[in-house]
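Chain by chain, the residues run as shown.
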Amino acid sequence: MELLPAGWREAVAGYVDPARVAELAAFVDAEYQGGPCFPPLEDLFSAYRLCAPEACRVLILGQDPYHKAGQAHGLSFSVRPGVSVPPSLRNVYKELAADLGVPPSRSGDLTGWAAQGVLLLNAVLTVRAGTPGSHANHGWEDFTDATIRALNDRAERVVFLLWGGYARKKSALITNPTHVVLEAGHPSPMNPRGFLGTRPFSATNKALADAGLTPIDWSRL
């Protein structure tokens with residue numbers, strides 16, 4: 001928790017079990033000492049560092065980090081500058097182009113979205129190299145659910161983009177009618193239906209504008 005920015009530590013404190021967090025910390029420490037894991041520890045809370053709780057206007061929920069070397073840097077769907085754009089993100093860019101006319105970026109780095117108040121959160125924040133899902137069910141889900149609950153209790157609108165069956169289950173945590181939940185299929189090419197054509201970016205900006213909030217400039221990549 002000492003790596004988590006202070007604003008977020010305060011925001012989630014009432015929603016987490018300290019004993020469970022301690023168990024998670026011990027597990028993560030042992031995994032990183034035992035072999036390569038991603039993202040690098042200095043990037044573990046990049047999503048939180050780049051998007052303070054009071055600045056958060058949008059949450060895009062992923063499942064767990066990319067498991068190949070050099071890809072994950074703490075933001076869901078995003079990869080480091082210079083890394084090839086992964087297939088799911090290519091579909092996100094394809095939909096962005098169809099929705100708002102933004103040409104697909106050659107970069108998969110979504111830091112420009114995070115800097116505008118888009119929390120690019122994975123439900124599980126770490127992974128063992130080459131083993132997708134390896135850090136699931138060890139406590140990260142409780143921690144990231146706490147993040148969603150904290151945002152749910154905010155008075156100012158947050159738009160939650162839940163893509164795919166796993167993310168859509170989290171809609172049960174969002175009970176405040178101030179907020180807007182936009183669900184769609186996962187953008188993975190393995191899921192040929194349910195994402196393309198859903199126009200999530202224009203819908204997000206409309207929901208923000210309806211609440212008197214500044215829309216996201218999705219072309220800032």
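Being a predicted model, the structure only gives us computed values, none of them experimental. (Residues numbered from 1 in each chain as written. Predicted model: local features only at pLDDT ≥ 70, side-chain atom pairs only at ≥ 80, totals over all residues. Heavy atoms only, no water.)

On to the environment of Gly139. Here Gly139 lies in the loop between strand E4 (127-128) and helix H6 (140-152). In this structure Gly139 comes out as buried when scored by relative accessible area, which is 3%. As a C-alpha pair, Gly139 and Val28 span 111 residues in sequence and 9.8 Å in three-dimensional space. Beyond its immediate sequence surroundings of up to four residues, Gly139 is in contact with Arg20 and Leu24. (Helix = DSSP H or I, 4+ residues; strand = E, 2+ residues; numbered from the N terminus. Buried < 20%, exposed > 50% of the residue type's maximum accessible area, 1.4 Å probe, protein only. Contact = heavy atoms within 4.5 Å.)

What follows concerns the layout of surface pockets. Of the volumes computed, that of the largest pocket is approximately 450 Å³. Residue composition of the lining of the largest pocket, grouped by class: 10 nonpolar, 11 polar and two charged. In this model, the second largest pocket occupies a volume close to 280 Å³. Along the walls of the second largest pocket sit 13 residues, with Met1, Leu3, Ala25, Val28 and Leu44 positioned nearest its centre. Of the residues forming the lining of the second largest pocket, the biggest block, five residues, is contributed by helix H2 (residues 18-34). Here the residues of the lining of the second largest pocket are counted per class, giving 11 nonpolar, no polar and two charged. (1 Å grid on protein atoms, 1.4 Å probe; cavity = no way out; pocket = protein on both sides within 12 Å on 5 of 7 lines; lining within 4 Å. Points joined across faces, edges and corners; volume = space filled by probe spheres on them. Nonpolar A, V, L, I, M, F, W, Y, C, P; charged D, E, K, R; others polar.)

Quick look at the UniProt feature "domain: Uracil-DNA glycosylase-like" (unreviewed entry) in the protein chain now. UniProt marks residues 49-208 with the feature "domain: Uracil-DNA glycosylase-like" (unreviewed entry), using the numbering shown here. Note that residues 49-208 is 29% helix and 14% strand, and that its end C-alpha atoms are spaced 22 Å apart. (UniProt positions renumbered as here; feature names shortened; annotations may be inferred.)

Turning our eyes to something else, we now look at the side chain of Glu95. Inspection of the secondary structure assignment puts Glu95 in helix H4 (residues 87-100). Owing to a relative accessible area of 2%, Glu95 belongs among the buried residues under this scheme. Filtering out sequence-adjacent residues up to four positions away, Glu95 remains in contact with Phe195, Leu196, Gly197, Thr198, Arg199, Pro200 and Phe201.

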